[in-house]
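# Analysis of the macromolecular model
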Amino acid sequence: MLKLKNSLSIYLMKKDNDKKDLTKLNNDIIKNLSSAFGGATVVDGQGYWVDDNTLYKDDNIIVTCNYSDLSNEMKNTFLNSIKLEFEKGKQLAVSVELNGEFYILENTKDIEKLNKLLKKVLTTVK
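This section reports on the structure supplied with the text. The structure presented is a predicted model; accordingly, all values stated were derived computationally and were not measured.

What counts and what doesn't
Residues numbered from 1 in each chain as written. Predicted model: local features only at pLDDT ≥ 70, side-chain atom pairs only at ≥ 80, totals over all residues. Heavy atoms only, no water. Helix = DSSP H or I, 4+ residues; strand = E, 2+ residues; numbered from the N terminus. Pairing = 2+ DSSP bridges. Core = buried A, V, L, I, M, F, W, Y, C linked by side-chain atoms within 4.5 Å. Buried < 20%, exposed > 50% of the residue type's maximum accessible area, 1.4 Å probe, protein only. Contact = heavy atoms within 4.5 Å.

Mapped onto the secondary structure, Tyr67 falls in strand β3 (residues 54-67). Separated by 13 residues in sequence, Tyr67 and Thr54 have C-alpha atoms that sit 39 Å apart.

Okay, the pairing of strand β5 (residues 101-105) next. The pairing of strand β4 (residues 94-98) with β5 spans five bridges and is antiparallel. Counted as the bridge partner of Leu98 is Glu101 from β5. Where β4 hands over to β5, the hairpin turn is made up of two residues, of which Asn99 adopts a positive phi near 50 degrees.

Here the focus is the nonpolar core. Most often, soluble globular proteins have nonpolar side chains that are buried together. Core analysis: the biggest nonpolar cluster contains 29 residues, and Ile10, Phe37, Phe78, Ile82 and Leu114 have the highest contact counts within it. Elements with a contribution of two residues or more to this core: β1 (6-13), α1 (23-37), β3, α2 (72-87), β4 and α3 (109-121). Ignoring any residue separated from it by four or fewer positions in sequence, one finds Ile10 in contact with Leu33, Ile61, Ile62, Val63, Phe78, Ser81, Ile82, Val94, Ser95 and Val96.

This is the structure we're talking about:
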């Protein structure tokens, strides 16, 4: 029996802000994460928020990777997935979870902050 005590999740939007389908990008990200972590769990999700008294909805998929020890390859693949979501997915923000704690990255500069957090919070294989 394996015990995987840690998890990382990324929320991938199904469409960009111009309503362009992101299935190919998402499939590439899922493949990369599955390869680095040895597998991933993907579930459909929906996000809602209110701005100026208007309710907005986004369809997304949540990709979760579980592991015992975080290797540099795993970490770099996860961080690159966030970068791809910003750059190729044209997202204004990217949501992630680290061991059940939720973070909203507002730009690519936040990726470096997350990298520092991963070094502090999660176990890294040397």
